[in-house]
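# Notes for the structure review
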Amino acid sequence: KMAALVRIGLRQTLQRVKPVQHTIRFIQTQQHSSKSWPALTLVATALVGGTTTAVFCKERLADPLPSSSPLQGKLVLLGAGPGASDLLTLRAVRALATADVVVCDALIGQDVLVHCRSDAEIMVMGKRGGSTKATKQSDINAAIIQHCQQGKTVVRVKGGDPLLFGRMADEVRVARQHEVPVEIVPGITSPFAAAAALAIPLTHKTLSTTLVLTTGHDPSLLDFPSLAKMDTLAIVMATRTLEHIVDGLIEAGKAASTPVCIVKRTSFPDQKAFVSTLGTVVKDTDDMKLSPAVLFIGQVARLADES
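What counts and what doesn't
For every chain, the first residue of the written sequence is number 1, and numbering continues from 1 onward in sequence order. The predicted nature of this model means local features are confined to residues of pLDDT at least 70 and side-chain atom pairs, given and counted, to a pLDDT of 80 or more, with totals for whole chains, interfaces and linings taken over all residues. To get the side-chain values, take all heavy atoms of the structure and skip hydrogens and water. For the exposure calls, accessible area comes from a 1.4 Å probe over protein chains only, and a residue counts as buried if that area is under 20% of its type's maximum, exposed if over 50%, partly exposed in between. Note on conventions: DSSP H or I runs of at least 4 residues are helices, E runs of at least 2 residues are strands, and numbering of each starts at the N terminus. Strands were regarded as paired on the criterion that DSSP finds at least two bridges between them. Where helices are involved, their axes are fitted lines through C-alpha atoms of the stretch in contact, as for all axes, and angles between N-to-C directions lie from 0 to 180°. Each direction from the helix axis to a C-beta atom contributes to the arc, which is the arc of those directions. Only heavy atoms matter for contacts: two residues are in contact if any of them lie within 4.5 Å across the pair.

### Re the pairing of strand β4 (residues 74–79)
Most of β4 sits out of view: 5 of its 6 residues are buried. Here β4 pairs with strand β7 (residues 153–158) via 6 bridges, running parallel. The residue bridging K74 from the neighbouring strand is T153, located in β7. In this sheet, strand β8 (residues 182–185) lies alongside β4 in parallel orientation, the contact comprising 4 bridges. Bridge pairing links L78 to V185 in β8.

Laid out in structure tokens, this is it:
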């Protein structure tokens, strides 16, 4: 009966344009469950003066009974860039504007959160290396899933790019286990922003044909013999372990005269840069608080514009 009513309605619509000939054809009928009306996909073609005009109508009729399935939310893993709000991507701004819940990583500034709706719930669940107040990843995962299962759009805001050293895999895995859709919005990672701020070419025709992005969080995991052979190293989370990294590279054969550049608080108004060498950088920065910073090691570091 429902299909017959739809056919009649579509015929009446086509008659208004007075075609020479019209044909109505059902190309797909989907029966979902016993509690739902069929969803019909219709295609009507009207031949008018030898020209084929297609009218598409695709609509799922409302269920007559309430659905027993849980509400479906969504997780957006969003890269907020190095900190400055004008380095957010347009997609990131749009995602923040749609968020019901925003789960913030460490160092996310208010000038980034200003793009959120006024009624959005803001949850600060930061992870800072060496901090006793760092939120456990299991707690972050639980908060994300709890809100997604309430049908909310959860935007997990991470500094830099979520694909680089951002525990993205853990959160995607948990979301998939709970059948929560995931969208990833890339951001500008801090090594790229820092290099751009100081005009450091990360690749160079003669000085740098290889580039390695790595983390200095745990130097015991680094392959220093391999790293020592690379032209350019960009290392994040390296300020607390700077001495271990320097010793490891020099012992592996990296020249002590290799240029080094440290960029602190990339993209912020108080950004600072220090240029040194591998053999002297520990002594040169001994009394400085460097975190958060990016460490560049290689010949291109001497091209840094410190002005």
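There's more to say after this.
### Considering the sheet that holds strand β11 (residues 259–264)
Across the sheet, which stays open at both edges, the 5 strands sit in the order β9-β10-β13-β11-β12 with mixed pairing between neighbours. The strands lining the two open edges of the sheet, one partner per strand, are β9 (211–215) and β12 (272–277). Put simply, the sheet's adjacent strands are angled 15° from each other on average, direction ignored. As paired strands, β11 and strand β13 (residues 293–297) are joined by 5 bridges and run antiparallel to one another. What sits directly across from I262, in β13, is L295.

### Focus on the pairing of strand β10 (residues 232–236)
For β10, the tally of buried residues reaches 5 of 5 residues, placing the bulk of the element in the interior. Along β10, one buried face is formed by T232, A234 and V236 and the opposite face, lined by L233 and I235, is buried too. Sheet topology places β9 next to β10; 5 bridges connect them, and they run parallel. Counterpart to L213 in the pairing with β10 is A234. Sheet analysis places β10 next to β13, joined by 4 bridges and oriented antiparallel. Within the sheet, the bridge partner assigned to A234 lies in β13 and is F296.

### Focus: helix α5 (residues 168–177)
For α5, every residue scored as buried is listed here: E171, V172, V174 and A175. Looking straight down α5, one finds that the buried residues subtend no more than 165° of arc, so they occupy a single side. The outward face of α5, more than 90 degrees from its buried face, is lined by the exposed residues A169, R176 and Q177. Structurally, α5 contributes buried residues whose contacts are with β4, α4 (137–148), β7 and β8. Once α5 ends, the next one or two residues include E179, with phi positive near 55°.

No statement about biological role is implied by the geometric values presented.
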